[in-house]
Protein chains: 2
Amino acid sequence: MSDSDMDYAMLWPVAERMADAARDVTLRYFRTENLKADSKRVDFDPVTIADREAERAMRDILADLRPDDAILGEEFEAQDGTTGLTWVLDPIDGTRGFISGTPTWGVLIAVGDDDGPKLGVIDQPYVGERFMGGGGRSAMTSPLGNKPLGVRTGRDLAEATLFTTFPEIGSTDERAAFERVATEVQLTRYGADCYAYALLAAGQIDLVIEAGLNAYDIQAPIAVIEAAGGIVTDWRGGPAHSGGRAIAAATPELHASAMALLA
Amino acid sequence: MSDSDMDYAMLWPVAERMADAARDVTLRYFRTENLKADSKRVDFDPVTIADREAERAMRDILADLRPDDAILGEEFEAQDGTTGLTWVLDPIDGTRGFISGTPTWGVLIAVGDDDGPKLGVIDQPYVGERFMGGGGRSAMTSPLGNKPLGVRTGRDLAEATLFTTFPEIGSTDERAAFERVATEVQLTRYGADCYAYALLAAGQIDLVIEAGLNAYDIQAPIAVIEAAGGIVTDWRGGPAHSGGRAIAAATPELHASAMALLA
């Protein structure tokens with residue numbers, strides 16, 4: 001679907017309403033009180049319930065406003081559509097962060113076609129930040145105000161900041177490849193979940209390298225980062241929107257330098 | 001100094017005013033725009049400037065309100081006092097997080113005597129959270145409301161969540177000791193900076209293990225965690241307020257289990 005065929009003026013309000021709904025649900029469960037003085041397990045897993053309820057809330061909005069679009073979500077079965085558009089949903093990306101109380105998990109919403117996402121939202125409900133990209137929009141909202149997004153430029157690999165979620169990234173080979181990049185950059189940080197992609201789009205960091213992703217982990221980041229002027233591909237430079245290994249870079253130069261080391 | 005000799009009603013307003021001042025300064029520099037399209041280095045390091053200005057602002061308040069107390073801060077020379085009380089300040093704990101844009105760094109303020117901190121503040125300016133402990137107070141303020149702090153209990157090591165700042169913690173021996181604990185817990189997370197201690201006091205996680213700390217890195221966390229019912233010592237169970245290796249635990253049982261593995 002060409003960009004001019006996408007009705008962004010129709011799609012953006014739907015995406016934002018979905019993000020609002022998921023924010024409400026996830027905040028009801030984030031930092032839920034833990035059982036005190038009793039190690040007995042009960043049949044209550046806040047993150048699982050929050051994940052399912054948040055995706056259900058988003059699907060309800062789509063059923064109401066975009067009933068003919070397809071849906072690919074983490075928690076429920078994929079739903080076919082007739083419009084050529086698919087909504088790709090991860091109600092809580094970064095469940096380990098969620099259960100630990102760190103504000104680095106996010107709600108991921110993307111919509112696109114077979115060629116990949118056209119519009120994406122990364123929402124951090126607890127901080128109250130929303131990162132949005134696609135259809136001419138590249139902006140963040142936060143409690144401290146609204147700002148345009150945009151990658152930073154002019155840094156080479158030796159000056160770059162690299163993020164990933166786990167130090168024990170992927171397979172042994174994948175980890176070795178990651179380490180080849182990590183040893184060349186100025187700063188490597190871990191544990192950032194999807195927040196790392198938001199920071200890249202906001203011009204705060206330069207590279208994110210991950211492996212073992214699902215489509216719903218990476219489609220919203222792709223849309224947000226591309227709108228901000230960055231690049232997201234798989235480790236060989238091909239499309240990343242189906243998941244697997246992904247590299248996000250602020251500039252073509254950093255992307256090429258890091259890919260050469262990953263190869 | 002006995003707890004009854006501490007004038008907490010006098011000290012708390014001073015500590016909060018210092019935290020407010022440091023919040024204002026650090027937020028002026030957090031996520032400062034980076035130089036665009038120009039890799040030339042200029043003589044401008046936002047984190048260094050923010051660090052120094054924030055500590056200066058806090059020292060100015062002490063000069064005004066508590067001129068006879070001693071001061072130990074990260075950025076300027078130690079100042080002697082005559083009251084037996086020392087303020088221990090780290091204007092930006094987690095500078096790597098600060099320069100990367102992650103909201104896990106914090107302003108650390110403690111006041112105490114030779115036996116350690118009696119009152120502590122961990123402030124996260126961007127999220128707008130403040131964690132406070134000492135003198136009968138154990139509470140957090142946040143944009144989503146104010147809550148009491150309190151560690152969670154009833155978990156054994158196999159159910160615990162462990163945080164540390166770097167996967168490459170300390171020396172080779174220190175790292176091996178950390179790994180002995182990490183392999184026994186349910187979840188290990190990295191990159192949390194001082195925010196990890198706040199999460200422990202808030203009942204979200206169970207253990208923090210670090211090495212290579214300075215006194216100003218650990219004194220505020222000690223006061224906040226002890227007020228919340230937790231324990232902070234060095235890796236042998238002795239006082240941790242001078243820095244070095246520290247273990248913070250939600251319960252005596254977890255503390256003992258982890259210390260046995262660190263030994």
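A quick note: this is a predicted structure, and the numbers were derived from the prediction, not measured.

1. Thoughts on the domain arrangement of chain A
Residues and elements named next belong to chain A.
Next up, step 1: You can read the domains of chain A as domain 1 (3-148) and domain 2 (157-262).
Next up, step 2: The centre of domain 1, based on its C-alpha atoms, is set 21 Å off from the matching centre of domain 2.
Next up, step 3: Contacts between the two partners involve 34 residues from domain 1, matched on the other side by 21 residues from domain 2.
Next up, step 4: Taken together, both faces of the contact between domain 1 and domain 2 bury some 2000 Å²; the carbon and sulfur share is 69%.
Next up, step 5: Among the residues domain 1 hides against domain 2, the three largest losses belong to Thr104, Pro117 and Ile122. Together they make up 28% of the total.
Next up, step 6: Counting the contacts that link domain 1 with domain 2 gives 0 salt bridges.
Next up, step 7: Taken together, the connections running from domain 1 to domain 2 amount to 6 residue pairs in polar contact (both at pLDDT 80 or more).

2. Here we look at the relation of the copies chain B and chain A
Next up, step 1: Expressed as a screw operation, the relation of chain B to chain A combines 0.0 Å of axial shift with a rotation of 180°, fitting to an RMSD of 0.0 Å. A rotation of that kind, with that shift, is consistent with a two-fold axis.

3. Examining the pairing of strand 9 (residues 187-190) of chain B
All names here are of chain B.
Next up, step 1: The two faces of strand 9 match: Leu187 and Arg189 on one face and Thr188 and Tyr190 on the other face are all buried.
Next up, step 2: Two elements, strand 8 (residues 161-164) and strand 9, share 4 bridges in a ladder whose sense is parallel. Across the sheet, Thr161 pairs through a bridge with Leu187, a residue of strand 9.
Next up, step 3: Where the polypeptide runs from strand 8 across helix 4 (residues 172-182) and back to strand 9, its parallel neighbour, the crossover connection is right-handed.

4. Topic: the packing of helix 4 (residues 172-182) of chain A against helix 7 (residues 252-262) of chain A
Relative placement of two packed helices is described by the angle separating their axes and the distance separating the axes.
Residue and element names in this part refer to chain A.
Next up, step 1: Contact geometry for helix 4 and helix 7: axes closest at 8 Å, N-to-C directions at 135°. As far as their axial angle goes, helix 7 and helix 4 are oblique. Here helix 4 and helix 7 pass one another in a crossing that is right-handed. Listed contacts from helix 7 to Ala177, Phe178, Arg180 and Val181 of helix 4 are Ala258, Leu261 and Leu262.
Next up, step 2: Of the residues belonging to the contact of helix 4 with helix 7, the class tally is 6 nonpolar, no polar and 1 charged.

5. Some points on the sheet that holds strand 1 (residues 70-73) of chain B
All names here are of chain B.
Next up, step 1: The 7 strands are arranged 1-2-3-4-5-6-7 in an open sheet whose pairing can be described as mixed. The sheet terminates laterally at strand 1 and strand 7 (145-148), the two strands that pair on one side only. In this sheet, adjacent strand axes meet at a mean angle of 15° when their direction is disregarded.
Next up, step 2: Across 4 bridges, strand 6 (residues 137-142) lies against strand 7 in antiparallel orientation. Directly across from Ser142, in strand 7, lies its bridge partner Gly145.
Next up, step 3: Lying on the sheet, helix 1 (residues 8-29) is in contact with strand 2 (86-93), strand 3 (106-113), strand 4 (116-124), strand 5 (129-134) and strand 6; it crosses strand 4 at an angle near 35°.
Next up, step 4: Across the sheet, helix 6 (residues 215-227) touches strand 1, strand 2, strand 3, strand 4, strand 5 and strand 6, and the angle it forms with strand 4 is around 95°.

The rules behind the values
Residues numbered from 1 in each chain as written. Chains lettered and ligands numbered in written order. Predicted model: local features only at pLDDT ≥ 70, side-chain atom pairs only at ≥ 80, totals over all residues. Heavy atoms only, no water. Domains from an automatic or database assignment. Contact = heavy atoms within 4.5 Å. Buried area = accessible area lost by both parts, 1.4 Å probe. Salt bridge = Lys/Arg side-chain N within 4 Å of Asp/Glu carboxyl O. Polar contact = N/O pair within 3.5 Å; in protein donor to acceptor, adjacent residues only side chain to side chain. Least-squares fit on C-alpha atoms with pLDDT ≥ 70 in both. Buried < 20%, exposed > 50% of the residue type's maximum accessible area, 1.4 Å probe, protein only. Helix = DSSP H or I, 4+ residues; strand = E, 2+ residues; numbered from the N terminus. Pairing = 2+ DSSP bridges. Right-handed = clockwise from strand over helix to strand, strands pointing away. Axes fitted to C-alpha atoms, helices over the stretch in contact; angles between N-to-C directions. Parallel < 35°, antiparallel > 145°, perpendicular 65-115°, else oblique. Left-handed = near helix turned anticlockwise from the far one by under 90°. Nonpolar A, V, L, I, M, F, W, Y, C, P; charged D, E, K, R; others polar.

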